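Fold and contact review
Read off the chains here:
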Amino acid sequence: MASRIMSKLKHLRKFLRVGGWPILCRPRVIPNYFLNQREQRAKAVVMKSLPSKVEIEISGKCNLRCRHCLRAHSHYPRPQKFIALDNFETILKQLPYIVTLTLTGAGEPLLHPDFLKIVRRARQLLPHLNIVVYTNFTLIGKAVTAQELVRSGASQIHVSLDAASADVYRQVRGVDAWDHIVEGIKKLLEARSQLGAHRPLVGTNFTMMRDNFHQAPMYVQLAHRLGVDYIAYPSLLMTSWGYSNGAEGMTKSALCEVMHETRSIAKKIGAPMPVEAYVADPDGWFSHYEELRSNYFRNCMFFRNQIQIDAAGNFRLCCRHPRSPHTYGNLLEKPFSELWNGPVMITARRRQVAGEVPLPPCGEVCVVPDPPLAP
């Protein structure tokens, strides 16, 4: 009982940190969050709770064609459009109990001509929201200024770096924007300080692939020097999500060495990275990697939380199968309450509980073996 109370107090402190006191003025948000947590653990088939985390793709367009992204493929099926402000409001009003709203997807949010209006409208509709923006940050100072970002109402700005030097960034992202991005991060932190604001928190992420994995330790050092608030630990991309073979050119021994070094450096310099959550034993992890991957769908949270809505209003589960044209319905055509416990979702959850691959998109990616790593 005591541990359960302590856990709830920990969550309450988190709610207040990301959403502030306005969350206490929304009395059904916190109960819905805890009910959703219980239903995830129980693998509920019929959900009484609504999602507490939602990703909305406000832009299906992007200004880059990164080597590891599906957008580089000619058969990319997602709608390449901007979400209309009215449609964004229509969708958000159907999700009144969310705690975290992430503006991300297959496009670049800052490219949306109404980006600032969208963030401000989300803050007006749901003042308690933790609004997270994932961005390549190449448009800082062009589409939006650092001061405007600070004043926008965003809670977190999450910058995708994927490199620690200009040459590797150019190789991965295909543009010469490295210096501009690094300076942009500095200007955003300076603007926040000058305006006396506490938000947005500024963080970075790094997707490891064959072109850049060797720079993961340097990425942690760079982000720490920049003074960002948090550093997402380098995550591994080996699947055919974008690459035809993302593992080509990487050896397991070299990758394990880099992961060990990254973890060690983060601990040594006190970087704001969740070190304890990072792989402590890469060798052991890789020995069970395919077993873990092939069983991932059995505990997949996306059937009960953290769903995605694309720029056309389509309800999707996650970013792991964006090649598939499959959707679970459209929130601009049918209320989310009907889709959430509709026949398709009920069937998918039942199949998951039975240990069966729920739907074709899941079988296209999550249970397909990754390319093998050389020793």
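Just above sits the structure.
Here's a quick rundown of the structure. Because the structure is predicted, anything quoted here is derived from the model rather than measured.

So, about the packing of aromatic side chains. Following the criterion strictly, the structure yields eight aromatic pairs and no others. A ring pair is formed by Phe206 and Tyr219, whose centres lie 4.9 Å apart and whose planes are at 35°; its orientation type is tilted. Residue Phe206 is located in the loop between β5 (201-205) and β6 (207-208), and its partner Tyr219 is located in helix α8 (residues 216-226); the two are separated by 13 residues in the primary sequence. With a centroid separation of 6.3 Å and an interplanar angle of 50°, the aromatic rings of Phe315 and Trp340 are classed as tilted.

This next bit is on the nonpolar core. Membership of the largest hydrophobic core comes to 103 residues, with the highest contact counts inside it found for Ile56, Phe88, Phe137, Ile185 and Phe315. For this core, the leading source of residues is helix α7 (residues 178-194), giving seven residues. Discounting residues that sit within four places of it in the chain, Ile56 has contacts with Ile83, Phe88, Ile91, Leu92, Leu101, Thr102, Leu103, Thr104 and Ile309.

With that settled, the discussion passes to the environment of Arg293. Relative to the elements of secondary structure, Arg293 occurs in helix α11 (residues 289-294). Sequence separation between Arg293 and Val367 is 74 residues, and the spatial gap between their C-alpha atoms is 6.5 Å.

Once that is clear, we can look at unusual backbone geometry. Cis geometry is adopted by the peptide bond preceding Pro200, which originates at Arg199 and carries an omega value of 5°. Inspection of the secondary structure puts Pro200 in the loop between α7 and β5. Phi at Phe137 takes a positive value of approximately 65°, unusual for a residue other than glycine. Mapped onto the fold, Phe137 is located in the loop between β3 (130-135) and α5 (146-151). Positive phi, normally seen in glycine, also occurs at Gln306, with a value near 55°. Relative to the helices and strands, Gln306 resides in the loop between α11 and β9 (307-309).

A few words now on the sheet that holds strand β2 (residues 100-103). With respect to topology, eight strands assemble into an open sheet ordered β7-β5-β4-β3-β2-β1-β9-β10, the strand pairing being mixed. The open sheet has two free edges, formed respectively by β7 (230-231) and β10 (315-316), since each of these has just one partner strand. For β3 and strand β4 (residues 156-160), the ladder comprises four bridges, and the chain directions are parallel. Its bridge partner being in β4, Val132 is matched across the sheet by Gln156. Along the sheet, α7 makes contact with β4 and β5, crossing β5 at roughly 160°.

Turning next to the pattern of salt bridges. One side chain can pair with another of opposite charge once the charged atoms of both are near each other. Throughout the structure, instances matching the rule amount to nine salt bridges. Glu183 is the salt-bridge partner of Lys186, the closest N and O atoms lying 3.3 Å from each other. Of this pair, Lys186 and Glu183 both sit in helix α7, three residues apart, which is roughly one turn of the helix. Under the relative-accessibility criterion, Glu183 is labelled partly exposed at 38%. With a shortest N-O distance of 3.0 Å, Arg316 and Asp310 are connected by a salt bridge. Each member of the pair, Arg316 as well as Asp310, carries the same accessibility label: buried.

Relative to the helices and strands, Thr138 resides in the loop between β3 and α5. Taking relative accessible area as the criterion, Thr138 reaches 6% and is therefore assigned buried. Polar side-chain contacts of Thr138 include one of 2.7 Å to the side chain of Asn63. Of note is the side chain of Thr138, whose polar atom sits 2.7 Å from the side chain of Asn136. If near-sequence neighbours (up to four positions away) are discounted, Thr138 is found in contact with Asn63, Leu64, Tyr169, Ala177, His180 and Ile181.

Criteria and thresholds
Residues numbered from 1 in each chain as written. Predicted model: local features only at pLDDT ≥ 70, side-chain atom pairs only at ≥ 80, totals over all residues. Heavy atoms only, no water. Phe/Tyr/Trp six-rings, centres within 6.5 Å; stacked < 30°, edge-to-face > 60°. Helix = DSSP H or I, 4+ residues; strand = E, 2+ residues; numbered from the N terminus. Core = buried A, V, L, I, M, F, W, Y, C linked by side-chain atoms within 4.5 Å. Buried < 20%, exposed > 50% of the residue type's maximum accessible area, 1.4 Å probe, protein only. Contact = heavy atoms within 4.5 Å. Pairing = 2+ DSSP bridges. Axes fitted to C-alpha atoms, helices over the stretch in contact; angles between N-to-C directions. Salt bridge = Lys/Arg side-chain N within 4 Å of Asp/Glu carboxyl O. Polar contact = N/O pair within 3.5 Å; in protein donor to acceptor, adjacent residues only side chain to side chain.

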